[in-house]
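Architecture and fold: a report
So the chains spell out like this:
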Amino acid sequence: MSQVLITGATGLVGGHLLRMLLNEPRVNAITAPTRRPLADTVGIYNPHDPQLTDALAQVTDPVDIVFCCLGTTRREAGSKEAFIHADYTLVVDTALTGRRLGAQHMLVVSSMGANANSPFFYNRVKGEMEQALIAQNWPRLTIARPSMLLGDRDKQRANEMFLAPLFRLLPGNWKSIEARDVARAMLAEALAPGPEGVTILTSSGLRERAK
């Protein structure tokens, strides 16, 4: 039986994953810190605070597995600084909380093209986030790098609405992927035996594990 910590539970991938965790008999405790309170649900401990780091600080029970599904865009965040806070600082804070509580496996949603040396701001921040997690020396670290995510968001992103038809037609790892499949793949990876060290799953690998 596993005890799970998840951040980003109100997002596109995280929302699917939270529902899957609730229905997974191998999971016996779910902690989901958020900035806004979730609806009261039996089986979920939901510390909440407008500052997610403060919500994470309220978590004290041991955990085995950490999922981080946080992610935004520079446009949604409002500034470069706010984007870095959401997609780097809070992800690292999630990981540090998991390490503090004894977790052995961290799974994080990154992005295709993540590269700390990229000339593109978004990809560079994602790459720096990945490097920061790798430096924590997790027994197991799974990095999901999906292409464009498909699914119903509360607030649609204009670029995704425009580009989604194109990305559905692209081959291999460039082909868009359902957020539900990313969540399903992450859960399968978390609950199955796997190699120690770092595993990187691109869209093709995520689709395979989601079957």
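Computed from a predicted structure; not experimentally measured.

**Thoughts on the nonpolar core**
- Counting 33 residues, the largest nonpolar core has Ile6, Val13, Leu17, Leu18, Leu21, Phe67 and Met186 as the members making the most contacts within it.
- If you tally residues by element for this core, the top one is helix α7 (residues 179-191), at eight residues.
- Ile6 has contacts with Gly14, Leu17, Leu18, Leu21, Ile30, Thr31, Ala32, Pro33 and Phe67, leaving out every residue within four places of it along the chain.
- Counting residues in each nonpolar core, the second largest holds 21 residues, with Leu52, Cys68, Val91 and Met129 among its members.

**Digging into the UniProt feature "domain: Semialdehyde dehydrogenase NAD-binding" (unreviewed entry) in the protein**
- The positions UniProt marks with the feature "domain: Semialdehyde dehydrogenase NAD-binding" (unreviewed entry) are residues 3-103.
- From the first C-alpha to the last, residues 3-103 spans 9 Å; its make-up is 42% helix and 16% strand.

**A word on the pairing of strand β4 (residues 65-68)**
- Along β4, one buried face is formed by Ile65 and Phe67 and the opposite face, lined by Val66 and Cys68, is buried too.
- Pairing of strand β1 (residues 2-7) with β4, which is carried by four bridges, proceeds in the parallel orientation. Residue pairing for β4: Thr7 is matched across the bridge by Cys68.

**Quick word on the packing of helix α4 (residues 80-100) against helix α5 (residues 121-134)**
- Running from N to C, α4 and α5 cross one another at 20°; their axes reach a closest spacing of 10 Å. Accordingly, the angle class assigned to the pair α4 and α5 is roughly parallel. As for how α4 packs across α5, the hand of that crossing is right-handed. Where α4 approaches α5, its residues Lys80, Phe83, Ile84, Asp87, Tyr88, Val91, Val92 and Ala95 are matched on the opposing element by Phe121, Tyr122, Val125, Lys126, Glu128, Met129, Ala132 and Leu133.
- Per-class residue counts for the contact of α4 with α5 are 12 nonpolar, no polar and four charged.

**Structural notes on the sheet that holds β4**
- Pairing is parallel in the open sheet, where seven strands are placed in the order β3-β2-β1-β4-β5-β6-β9. Single-partner strands in this sheet number two, and they are β3 (44-45) and β9 (197-202).
- Each of β1, β2 (27-31), β3, β4 and β5 (105-109) is contacted by helix α1 (residues 12-22), which is oriented at about 160° to β1, the strand it contacts most.
- The strands that α7 touches are β1, β4, β5, β6 (140-145) and β9; relative to β5, the one it contacts most, it runs at about 165°.

Procedures and definitions
- Residues numbered from 1 in each chain as written.
- Predicted model: local features only at pLDDT ≥ 70, side-chain atom pairs only at ≥ 80, totals over all residues.
- Heavy atoms only, no water.
- Core = buried A, V, L, I, M, F, W, Y, C linked by side-chain atoms within 4.5 Å.
- Buried < 20%, exposed > 50% of the residue type's maximum accessible area, 1.4 Å probe, protein only.
- Helix = DSSP H or I, 4+ residues; strand = E, 2+ residues; numbered from the N terminus.
- Contact = heavy atoms within 4.5 Å.
- UniProt positions renumbered as here; feature names shortened; annotations may be inferred.
- Pairing = 2+ DSSP bridges.
- Axes fitted to C-alpha atoms, helices over the stretch in contact; angles between N-to-C directions.
- Parallel < 35°, antiparallel > 145°, perpendicular 65-115°, else oblique.
- Left-handed = near helix turned anticlockwise from the far one by under 90°.
- Nonpolar A, V, L, I, M, F, W, Y, C, P; charged D, E, K, R; others polar.

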